[in-house]
Amino acid sequence: MTKTSAFQKATPPESGKRPVSDTQHGITRIDDYAWLRAENWQEVFKDPSLLDPTIRKHLEEENVYQADLMADTEELRKILFAEMKGRIKEDDSSVPMKDGPFAYGSSFKKGGEQPRYFRTPRGGGDHDIILDGDKEAEGKIYFRLGDVDHSPDHRRLLWTYDDKGSEFYTIRVRNLETRADLADIVGDTAGSGAWSADCDGFFYTRLDANHRPSKVYFHRIGTDGAADQLVYEETDPGFFMSVGGSRNDEWIFIAINDHETSEYRVIPANDPLAVPRIVAPRETGLQYDIEDGGDIFFILTNADGAKDFKIMTAPANDPGRHNWTELVPHEPGRLILSILSFKDYLVRLERKEGLPRIVVRALATGEEHTIAFDEEAFSLGLGGSYEYDTEVMRFSYSSMTTPSQLFDYNMQSRQRVLLKTQEVPSGHDPQDYVTRRLMAPSHDGEMVPISLIHRRETALDGTAPCLLYGYGSYGITVPAAFNTNCLSLVDRGFVYAIAHIRGGKDKGYSWYEDGKRAKKANTFHDFIAAARHLVARGYTAHDRIIAQGGSAGGMLMGAVANMAPEAFGGIVAEVPFVDVLTTMLDETLPLTPPEWPEWGNPIASEEDYRTIAAYSPYDNVGAKDYPPILAVAGLTDPRVTYWEPAKWVARLRERKTGSNPVLFKINMDAGHAGASGRFSRLEEIAFTYAFALKVVGRMKS
């Protein structure tokens, strides 16, 4: 990089080398920074004070270094924080959703960090607070609520919380008449539960020492948790597992899956100790989800080559594959994302030609209709309903310029009622902004969608800075949704863009398949192609593009930094999965075995080893002139462990040729999701935005 650095000179922490060698398939790697991984990492997740003092000292020095380099942004960060906070309705409240005699919702109080949960009489009335997150968080450095679920008889509330950031959740049960929590306390859970039909007990998933959801238990209210009944144990560490209930409260679903294979086991909710009955045994590559439909199950599946999925039915009392009957056939290019069943209707959310749509099917006649929208790029969400026997469902709509809107939709009359439009207290005029959807040619001729927003008066002559966001893994699609935070950049002349790269399902299931395992490099090429297309179209210049991604998107950041450092002016990698090969070689880590279908298994396969080694960011850091890089992590993160970015940063500093700094900001009190409060999270966003503005020289604009 020939551009003058925006950062003052400072001496980064010394990351001493302690070489460790590893040999797999006859290939030896040397890791000089493996010492940054705590030997007692399982204990540290639950109690951060147990971290090795040497490692703690190094991480704290990293924070001192980045704070020094970012000291001149302190006032800017305060301004950014105030702006973003000003776009949030501080005492915001959801629209209550009806369920029997009540309606349930959540709200915030002015200045509050955590949500409050309330209920009202079904016909309306005062908010009766049944759980106050701010009150529960008092005295805790970190606090995040998980599942909050009232019992079908409305007598009790199951609620969960994590007070370490390690995602080991504790379950409590509250008496909704007295508002007192019962003596029942169940720890080390995945953060949710499912009520039995009599509402006197619940199912939950317990995490093992390696943070794997390996066992489903049933807890009877008022009994000792140590005596909880084991319902099902998943012995294959390569599978995730969760438990939930159907909306008509008749079934308990145990969902077992990795990234390409799934299996369900079902239990009648009125017989909690029954042996779980399998729906269809797992077959590699066979995926399915089930939805209760009274005496039948609706099954969303890719069976029989239905790559973009189809919908089947089966009798609930014998739902095996031999009884599956086609209801909605497979249509190539139309990806069915999810289904939601009601007594008389089946609703599906699907994506066609890159855009989402909602389709409603009358079960009695088979007649279908689509809910129509007009904008060029937008986002939809199914809000569903607590109730099964209803004609009304809820959905949300937004675009990059249009604040989120919540609708109730009558499936019989086809009338939609606008319940709420997201308020922006500091003001927002959609006419001040332009949103576009571009198509960028990638290295192999595929066209990569880009969604973007900028102010109407922003000059598109190559002088505008750009924040280019990407993810591109696990089939996750980044929606073109309204984002009040990014307006702090857009209002300062930025183009804010999302690259819908391969590895997501933006253009169907094949788009996902073409960005995983042996084809993973397509993800990186697509992102680089998006950057180059934005430059070619005059939206920005390469030295003014700040690339941003988190988790697997952080891996994307590390890969494109190695492949094309000249294409970016700066890089923000949040909780970045950058030591891919080492992690995939360590089957003791929480996510490694379930991740092999996504990345490959380098232990069993030399081909997979070489494929991952060819792009793993940590393994490919070279003598290159990297742009300024900001890495952000959380100490107790069980998904992307803190030592991955710590090692990456150390190696980048060792090998890079230029003078641009590499900053590492680690939250010593949080995990994968960052700070737990809504305003604390804004402070973290303000920091990354200040970094972006500093890099492109817009700190005073």
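Definitions and cut-offs
- Residues numbered from 1 in each chain as written.
- Predicted model: local features only at pLDDT ≥ 70, side-chain atom pairs only at ≥ 80, totals over all residues.
- Heavy atoms only, no water.
- Helix = DSSP H or I, 4+ residues; strand = E, 2+ residues; numbered from the N terminus.
- Expected span 1.5 Å × (residues − 1).
- Buried < 20%, exposed > 50% of the residue type's maximum accessible area, 1.4 Å probe, protein only.
- Arc of directions from axis to C-beta.
- Contact = heavy atoms within 4.5 Å.
- Pairing = 2+ DSSP bridges.
- Right-handed = clockwise from strand over helix to strand, strands pointing away.
- Axes fitted to C-alpha atoms, helices over the stretch in contact; angles between N-to-C directions.
- 1 Å grid on protein atoms, 1.4 Å probe; cavity = no way out; pocket = protein on both sides within 12 Å on 5 of 7 lines; lining within 4 Å.
- Points joined across faces, edges and corners; volume = space filled by probe spheres on them.

A. Spotlight on helix α3 (residues 74-86). In this model α3 runs 18 Å from its N-terminal to its C-terminal C-alpha over 13 residues, within 8% of the 18 Å that 1.5 Å per residue would give. Those residues of α3 not exposed but buried are L76, L80, F81 and M84. Angular distribution of buried residues about the axis of α3 spans 135°; they occupy a single face of the element. Elements in contact with the buried residues of α3: α5 (487-490) and α13 (678-695).

B. Seen up close, the pairing of strand β34 (residues 545-550). Of all six residues that make up β34, six are buried, and the element is covered over most of its length. Here β34 shows no split at all, with I545, A547 and G549 on one side and I546, Q548 and G550 on the other all buried. Bridge count for strand β32 (residues 466-469) against β34 is four bridges, and the pairing is parallel. From the neighbouring strand, Y469 faces β34, where its bridge partner is Q548. Sheet topology note: the β34/strand β35 (residues 570-574) ladder contains five bridges and is parallel. In the sheet register, A547 faces β35, and the bridge partner there is I571. After leaving β34, the chain enters helix α8 (residues 552-563) and then returns to the sheet as β35, a path that is right-handed.

C. Fine view of the sheet that holds strand β23 (residues 345-352). Strand order in the open sheet made by the four strands is β22-β23-β24-β25, with antiparallel pairing throughout. Taken across any chain shown, the strands that pair with only one partner, and hence form the sheet edges, are β22 (334-341) and β25 (368-371). Taken pair by pair, the neighbouring strands of this sheet meet at an average axis angle of 25°, ignoring direction. Across eight bridges, the pairing between β23 and strand β24 (residues 355-362) is antiparallel. Residue pairing for β24: E350 is matched across the bridge by R357.

D. Quick peek at unusual backbone geometry. Although it is not a glycine, D188 sits at a positive phi angle of roughly 60°. Considering the arrangement of structural elements, one finds D188 in strand β10 (residues 181-195). Look at V575: it is not a glycine, yet its phi comes out positive at around 35°. If you trace the backbone, V575 turns up in the loop between β35 and α9 (580-584). Assessed through its relative accessible area of 11%, V575 is described here as buried.

E. Local environment of the layout of surface pockets. For the largest pocket, the calculated volume is near 430 Å³. D31, A34, R37, T582 and K647 are, among the 18 residues lining the largest pocket, the residues nearest its centre. Put simply, the parts of the chain that give the lining of the largest pocket at least two residues each are β1 (20-24), β2 (27-31), α9 and α12 (643-655). At four residues, the largest contribution of residues to the lining of the largest pocket is made by β1.

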